[in-house]
Amino acid sequence: MSQTNTSLLDEVVQWSQETCRRELKVVLPKLTTFHHKTEAWDDHIRVLKIITDMFLPHVAVSDLEKECFSKILPKAATMFDSMMKELSIQVGGLSSQNTELCSLLRNILKSLMQIIDALSACVRHVCTYDEVPDLMSIRTLPSCILKVLRDTFQHCKESEVVYCGRLSLVADLLQSLFKEAYALHKALLELLDRLSLENSASEEEVSDIVIVIHSLLDICSVISNLDMALNANTWKFLIKQTLKYQPLVEEHLHHGDISASLCDNLLVSFHAAVDLAEQIKQAALQEATQSAEHKLFQKTAKMCRFFANTLVHYIKEFKAFLTKSCRRFHQTYLQIISKFPPSLCAPALPPTLSEELTAAAVVPMDALVFQLLPLRPFAEVVLQEDPRLSPQHELPQCLLLANVLDQLASQPEEVLQLWLSGSQFSEETPRFPLYQAVFCSFQRCYAERKLPVLLPGVMTKGQAQVQVSLHHHVCVRLCASVAVLAPVYFPVLERCLFEATLQADTQTALLATDVWCFTARYGTAELCLHHVLLIAHLVKTCSSECYQKSHLGLLLRRMLFLMTPNHQMDFLARFPPSEPDNLPIWRHILLRALSDDARQRVAEDIIALAQKVVTDWQSGGYKLGQVGKVNAVLQCLLVAVQGKSTIEERCLSSASRTVAQLWQRMTAHQVQTHHVLHITLQLLLSITALLVKNVDPSIIIQALVCVDAVVSQKCADELQLAALDFLSSLGNIFIPPDNQSEIVPRLSGLFGALLAQSSSWLLHQHALEAFAHFAEVTSHEDVISYSLSVEETKSKVVNFLSKIVNTPEEVKEARLERIQAEKTVLQQHNQRLLTPKQIPMELPAPSVTHSEPQAKRARQENDADDEYGRNLQAAETALRDLHALVTGKGDTRELPRPPPSRLPSRLQELQSLLNDISSAISTSKST
């Protein structure tokens, strides 16, 4: 600095405030010129302090920017930056022995504080005006201060690394520097808060506000790990400014950067809170609510809640500008949900801390999803098949889709179309329909279904909330969504249910079956009939045995329960069980699903057809080529006799004769020679087990001989299971003394052999159960002792009956590792199964026009109906039996007997009783 300048400064510092005010117009330009030209730090700071302390208080508002701030503040910010760089250069040689360098660095830090103090003076002066100045009159002030603040906070944040063990030499000054910057930051935010722009603000003013907001965002990125309160307050102000000037700035802001920074801060605070909760648990400080760790956890959880709510609010206000950030929001959701039960990677946290974190992070995630639902990019991200999805995010993805199902009902039509219909055109980003995405996501959660994981169930009135499986959780939400689904989306729903039912994963198919049955139960009876006819047609046309046929058969079996009696009769007319071509359908039916008339007709037709097929086979010379037809009819005969309690005795007698006819043809040598007869034997064993009380002992001996021959060799597991069921059923009968010598040794030997086998845990378990049932009901206790002649076998049975488990309990980590290995194997297996499709995956066009689902159909029977039904059934059965006796259509093995003389009078009494009942019903209806 020249001698003239030095003299002027020496003179000015002696002036009074009045002199400064009077000489302002002359001296201030000279001082700002000196300040702009000087390069020495000390001279620069001296001039800056004189201007801000002595002349700034006298500058008019209108002259602040033009005469002062625009001339001194940029230079001040530049000098501040050069000092920071000098610190970084010189700090490497800092040590306690190098006193000269230590003194230099401390002087630089003091100079930095002087600059900050001068900037603080500028802010204080602006705040002294009664009227808030407009932004253009101080436009240089915010940008320069924010740059200085960012550099200061960055230096303080990196101080431990920068000073590397020598921090104690300057720690006091760094702490003061941070405090000065903190105070300046607070003062600047208060000043900016007082400013306001009109909607007619100029482009320069809007640009300045945008720069301020982005500069604050840069500061937030620096202070996020520096000071919790400072970070929160800065974010509050930043969001407040964006909302305050929303119409002006929304098209100019870097919304992606702001939302990404919010997500980062949310995840940082969330993971910090999780870590603290784990530390509290490990240190057993759950009850010490006043401990430092617990207080820090509460502060961190509070920050987590703040950032979560702030993110939701920001998305709500600026969602139109956040389409490119949807993938980030999706990942944020998954990362948070993955840290809570029932996620397999969730840490075990103390319940109170977990509840606090749930309120802070999980609850806002529901609101986050609600705000994002209308955004097409979010739907595209969520509904696409992402092979990059990590295993720990598979369950959160499934829960997200269930959450969408919950919230979709309140959305407008265009949002429903977006989520429910899937991508419609090739140029669109591919996305699944929501229902298909749910099933695909559920399928990937194998480990969670296998364990199983548990979730809170739906609260119901008068019942306590219970934990439910993932299957239950998803199924309830799918059914609730179907209940409010508009008719226009039913074709999409049907297609998704159809494809899910044909998946190789059995539990996914079962979930689709549950939802499909609800759809049929909730909708019209005609819609249910349409679905049943469609499924039956697919089952019938499937040319070979495959898993798809099994899944469809299960669905058909369940849906018959939901049909009206008239529609069941229509179904019988379409697919009469008397025709061999329809046998693939009727092998999947349960007779108890049908009405009384339909049940009796089906049983009679199937048993009659079985008798005809077996007779034709006998007439044709028992050719092996015809065994397939015999097996097909035996599968349906098994269905018929499973409902033996509801069919007439004469039908059971006919079925027993057919079974006896087949057993007389079965020989051990043929079964061993021809593998096709293994299926016949399996079916015969299952049927005989159900009809065992109607079977002659000679037939039982024949069956035991065949079983002994097959079990002695390696045979299919299904055949062994059928054999065990047959052996177990023999406990229900008394063996005549004449046959005991042939039956008891074989029966004991078979039980002993099957109990000793350990090739399959499933067969071994079933053998134990079968033997236990036999021992419980049999009157031939000597079979038990003979079967347990081997000590090892006896020990296994005793342990089973005593419920003693010898195998060590599997630890959680080992079990999870085993399940994950199973998952890989099953995925590969299912992929191979999906390659050859035995059933077309395209759903035929519906033959019934979809209409608005009616109110849920009332159940056909309630408790009172059950009581009426039982009495009516008993009366009807008795009357039918009486009619058979009178007409001579009863048991043909006995000669017809004439009716007793009192029968007509008793019938008249019954007729009078029926008239009284009819009158009572009419009276009840009229009242």
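Just so it is clear, the model here is predicted, and its values are computed rather than measured.

Student: Quick question: what am I supposed to make of the overall build of the chain here?
Tutor: Helices and strands together make up the secondary structure of the chain, namely 42 helices and two strands. A globule of 927 residues ought to have a C-alpha radius of gyration of about 30 Å, yet the chain, at 43 Å, is considerably larger. The burial tally for the chain puts 48% of its 927 residues in the buried class. For the chain, restricting intrachain contacts to residue pairs at least 6 apart in sequence, the fraction spanning at least 24 positions comes to 78%. Carbon together with sulfur atoms contributes 53% to the accessible area of the chain, which is approximately 45,800 Å² in total. Distance between charge centroids for the chain: 2 Å, based on 85 positive and 101 negative side chains.

Student: Is there a simple way to think about the packing of aromatic side chains in this case?
Tutor: Pairs of aromatic rings are described using the distance from one ring centre to the other and the angle between the two planes. Overall, the coordinates contain 14 aromatic pairs when judged by the stated rule. Here the aromatic rings of Phe 153 and Phe 178 are separated by 5.8 Å at their centres, their planes lie at 65°, and the arrangement is edge-to-face. Linking Phe 153 in helix α7 (residues 140–157) with Phe 178 in helix α9 (residues 171–194), this pair joins segments that are 25 residues apart in sequence. Per residue, the accessibility class of Phe 153 equals that of Phe 178, and both read buried. Ring geometry for Phe 751 against Phe 774: centres 5.3 Å apart, planes inclined by 50°, an arrangement best described as tilted. With Phe 751 in helix α36 (residues 737–756) and Phe 774 in helix α37 (residues 761–777), this residue pair connects regions lying 23 residues apart in the sequence. Overall, Phe 751 belongs to the buried group, its relative accessible area being 0%. Phe 774 gets classed as buried once you look at its relative accessible area, which sits at 1%.

Student: Just checking my understanding: could you explain the side chain of Gln 568 for this structure?
Tutor: Within the secondary structure, Gln 568 sits in helix α27 (residues 565–574). Using a relative accessible area of 3% as the deciding quantity, one classes Gln 568 as buried. Not counting the four nearest positions on each side in its chain, Gln 568 is found in contact with Leu 560, Met 563, Ala 593, Leu 594, Ser 595 and Ala 598.

Student: Quick question: what am I supposed to make of the environment of Met 303 here?
Tutor: Take Met 303: it is sitting in helix α14 (residues 292–318). Residue class for Met 303 comes out buried when judged on its relative accessible area of 11%. Taking the C-alpha atoms as reference, Met 303 lies 18 Å from Glu 278; in sequence the two are 25 residues apart. Leave out the neighbours within four places in its chain, and Met 303 touches Met 228, Asn 231, Ala 232 and Ser 269.

Student: Would you mind showing me how to read the side chain of His 588 here?
Tutor: Relative to the helices and strands, His 588 resides in the loop between α28 (583–586) and α29 (596–619). Non-local contacts of His 588, meaning those with residues more than four positions away in its chain, are made with Val 539, Lys 549, Gly 553 and Arg 557.

Student: Help me understand the packing of helix α23 (residues 490–501) against helix α24 (residues 506–522), please; the structure alone is not making it clear to me.
Tutor: In helix packing, the relevant descriptors are the interaxial angle and the interaxial distance, both defined with respect to the helix axes. Interhelical geometry of α23 versus α24 gives an angle of 145° and a closest axis separation of 8 Å. The handedness of the crossing between α23 and α24 is left-handed. Two secondary-structure elements touch here, α23 through Phe 490, Leu 493, Leu 497, Phe 498, Ala 500 and Thr 501 and α24 through Thr 508, Ala 509, Ala 512, Thr 513, Val 515, Trp 516 and Thr 519. Residues that form the contact of α23 with α24 fall into these classes: nine nonpolar, four polar and no charged.

Student: What is the right way to read the confidence of the model for the chain from this model?
Tutor: In low-pLDDT regions, the fine details of the predicted coordinates are not to be read closely. The predicted model of the chain has a mean per-residue pLDDT of 87, with 92% of residues at 70 or higher. Mean pLDDT across the elements of the chain bottoms out in helix α41 (residues 863–887) (68) and peaks in helix α15 (residues 326–337) (97). Every residue in residues 845–863 is under pLDDT 50, and counting partners more than four places away or in other chains gives 36 contacts. For residues 891–896, every residue scores under 50 in pLDDT, and the model assigns this stretch zero contacts once sequence neighbours within four places are set aside.

Student: Can you walk me through the packing of α15 against helix α18 (residues 394–408) in this structure?
Tutor: The geometry of α15 relative to α18 is characterised by a closest axis approach of 9 Å and an angle of 110° between their N-to-C directions. With respect to their mutual orientation, α15 and α18 come out roughly perpendicular. By crossing handedness, the relation of α15 to α18 is classed as right-handed. Here His 330, Tyr 333, Leu 334 and Ile 337 of α15 come into contact with α18, specifically with Pro 396, Gln 397, Leu 399, Leu 400 and Asn 403.

Student: In this structure, what is going on with α7? I would like to understand it.
Tutor: For α7, with 18 residues, the first-to-last C-alpha span of 26 Å sits near the 26 Å given by 1.5 Å per residue. Of all 18 residues making up α7, 13 are buried, and the element is well covered by its neighbours.

What counts as what
- Residues numbered from 1 in each chain as written.
- Predicted model: local features only at pLDDT ≥ 70, side-chain atom pairs only at ≥ 80, totals over all residues.
- Heavy atoms only, no water.
- Helix = DSSP H or I, 4+ residues; strand = E, 2+ residues; numbered from the N terminus.
- Rg over C-alpha atoms; globule rule 2.2 N^0.38 Å.
- Buried < 20%, exposed > 50% of the residue type's maximum accessible area, 1.4 Å probe, protein only.
- Contact = heavy atoms within 4.5 Å.
- Areas by Shrake-Rupley, 256 points an atom, 1.4 Å probe, with all protein chains shown as cover.
- Lys, Arg positive; Asp, Glu negative; His and termini not counted.
- Charge placed at Lys NZ, Arg CZ, Asp CG, Glu CD.
- Phe/Tyr/Trp six-rings, centres within 6.5 Å; stacked < 30°, edge-to-face > 60°.
- Axes fitted to C-alpha atoms, helices over the stretch in contact; angles between N-to-C directions.
- Left-handed = near helix turned anticlockwise from the far one by under 90°.
- Nonpolar A, V, L, I, M, F, W, Y, C, P; charged D, E, K, R; others polar.
- pLDDT = per-residue confidence, 0-100.
- Parallel < 35°, antiparallel > 145°, perpendicular 65-115°, else oblique.
- Expected span 1.5 Å × (residues − 1).

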